[in-house]
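So the chains spell out like this:
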Amino acid sequence: GAVVSQHPSRVICKSGTSVKIECRSLDFQATTMFWYRQFPKQSLMLMATSNEGSKATYEQGVEKDKFLINHASLTLSTLTVTSAHPEDSSFYICSAGLAGGGKNIQYFGAGTRLSVL
Amino acid sequence: GESVGLHLPTLSVQEGDNSIINCAYSNSASDYFIWYKQESGKGPQFIIDIRSNMDKRQGQRVTVLLNKTVKHLSLQIAATQPGDSAVYFCAERTGGSYIPTFGRGTSLIVHP
């Protein structure tokens, strides 16, 4: 299957700092990538859809100024958590869509564990 | 609103047994279903999918069954192994959308 690389896998930061998470599709081009947030023992919550060359589409309730998304190329999307606070601590997961065989399948990165002190 | 849900939040089985994880969905317009496996601290991994024009699909040690009449989806794992221990999510999609709606998840625990 397709490979999506997410970096870093874990980050610990002080309150007020900004954190950038990278998501790369390694062996395919993805015009659309997705960012999810997952709390412990809960399902994935879609935060935003990242579109190459255009603005991201945010889900209701997600602050676009807080979670900055940039999709500068067909293989890279970044999520920046600005002025992070302890309530932003969570597991963030990206995915990239790959079309083929009449299906569009999302392939997920390994996730980033963010801990804000 | 319509949603996808799971009957059992935790399933414990013995190594070698067959496992069945169930999922109920309520969106009758859903036409594509996916099972993902998520190991602790990792992202979801695609396991198997099925279109709504099918009622069964088999993979390696896994089988997905779809019953559209009662809007029910199941994942069967044959000869369950400790490495199968993970949280399993069903997801449904409508049309050609990339974006699946995830169910709550079932934690599968395999005892050696």
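Our subject is the structure that appears above.
**Student:** Is there a simple way to think about the overall build of chain B in this case?
**Tutor:** Along chain B, the regular secondary structure elements total 0 helices and 11 strands. Based on the C-alpha atoms only, the size of chain B along its principal axes is roughly 40 × 25 × 20 Å. In chain B, which comprises 112 residues, the proportion classed as buried is 42%. Total accessible area on chain B is roughly 5,300 Å²; 47% of this is exposed by carbon and sulfur atoms. Chain B carries 10 positive and 9 negative side-chain charges, and their two centres are separated by 3 Å.

**Student:** What's the story with the interface of chain B and chain A in this structure? I'm lost.
**Tutor:** Note on interface size: it is often stated as the accessible area lost on association of the parts. Taken together, the contact pairs 20 residues of chain B with 24 residues of chain A. Buried area between chain B and chain A, both sides added, is near 1,700 Å², and the carbon and sulfur share of it is 56%. The largest per-residue losses of area from chain B upon contact with chain A belong to Y98(B), I99(B) and F102(B), which jointly make up 34% of the total buried on that side. The interface formed by chain B and chain A contains 0 salt bridges.

**Student:** Mind showing me how you'd approach the sheet that holds strand β7 (residues 67–73) of chain A here?
**Tutor:** As a general point, the strands of a sheet are linked pairwise by backbone hydrogen bonds and lie either parallel or antiparallel. Residue and element names in this part refer to chain A. Ordered in space as β1-β3-β8-β7, the 4 strands form an open sheet in which the pairing is antiparallel. Two strands close off the open sheet at either side, each with one partner strand: β1 (4–7) and β7. On average, adjacent strands in this sheet sit at an angle of 15° to one another, irrespective of strand direction. Sheet topology note: the strand β3 (residues 19–25)/strand β8 (residues 76–81) ladder contains 6 bridges and is antiparallel. Counterpart to V19 in the pairing with β8 is V81.

**Student:** Would you take a moment to explain the nonpolar core for this structure?
**Tutor:** A general trend in soluble globular proteins is that nonpolar side chains are found buried together. Ranked by internal contacts, the top residues of the largest apolar core, which has 41 residues, are Y36(A), L114(A) and F102(B). It is strand β9 (residues 90–100) of chain A that contributes the most residues to this core, 5 residues altogether. Sequence-distant contacts of L114(A), that is, excluding residues within four places in its chain, are made with V11(A), C13(A), V19(A), V81(A), D88(A), S89(A), S90(A) and Y92(A). In this structure, I21(B), L66(B), I77(B) and V110(B) belong to the second largest nonpolar core, which totals 20 residues.

**Student:** Looking at this structure, I do not really get the state of the cysteines. What am I missing?
**Tutor:** By definition, a disulfide links two cysteine residues through a covalent bond between their sulfur atoms. Going through the model one piece at a time under the given rule, you end up with 2 disulfides over all chains. Residue C23(B) pairs covalently with C90(B) via a disulfide, S to S 1.9 Å. Measuring the twist about the S-S bond at about 45°, one finds the C23(B)-C90(B) disulfide to be right-handed. Pair noted here: C23(B) is in strand β3 (residues 19–25) and C90(B) is in strand β9 (residues 86–93), with a separation of 67 residues, a long-range link. When sorted by exposure, C23(B) lands in the same class as C90(B), which is buried. Cysteine C13(A) is unpaired, with the sulfur of C94(A) as its nearest cysteine sulfur at 18 Å.

**Student:** So what exactly am I meant to see when it comes to the pattern of salt bridges here?
**Tutor:** Pairing between side chains becomes possible if they bear opposite charge and their charged atoms approach one another. Summed over the entire model, instances satisfying the criterion amount to 4 salt bridges over all chains. One salt bridge connects R24(A) with E22(A), and the closest N-O pair in it is separated by 3.4 Å. Classification of R24(A) by relative accessible area gives partly exposed; the value is 35%. With a shortest N-O distance of 2.9 Å, R61(B) and D84(B) are connected by a salt bridge. Of this pair, R61(B) sits in the loop between β6 (56–58) and β7 (62–67) while D84(B) sits in the loop between β8 (72–77) and β9, placing them 23 residues apart in sequence. Residue classification places D84(B) among the buried residues on the basis of a relative accessible area of 7%.

Calculation notes
Residues numbered from 1 in each chain as written. Chains lettered and ligands numbered in written order. Predicted model: local features only at pLDDT ≥ 70, side-chain atom pairs only at ≥ 80, totals over all residues. Heavy atoms only, no water. Helix = DSSP H or I, 4+ residues; strand = E, 2+ residues; numbered from the N terminus. Buried < 20%, exposed > 50% of the residue type's maximum accessible area, 1.4 Å probe, protein only. Areas by Shrake-Rupley, 256 points an atom, 1.4 Å probe, with all protein chains shown as cover. Lys, Arg positive; Asp, Glu negative; His and termini not counted. Charge placed at Lys NZ, Arg CZ, Asp CG, Glu CD. Contact = heavy atoms within 4.5 Å. Buried area = accessible area lost by both parts, 1.4 Å probe. Salt bridge = Lys/Arg side-chain N within 4 Å of Asp/Glu carboxyl O. Pairing = 2+ DSSP bridges. Axes fitted to C-alpha atoms, helices over the stretch in contact; angles between N-to-C directions. Core = buried A, V, L, I, M, F, W, Y, C linked by side-chain atoms within 4.5 Å. Disulfide = S-S within 2.5 Å.

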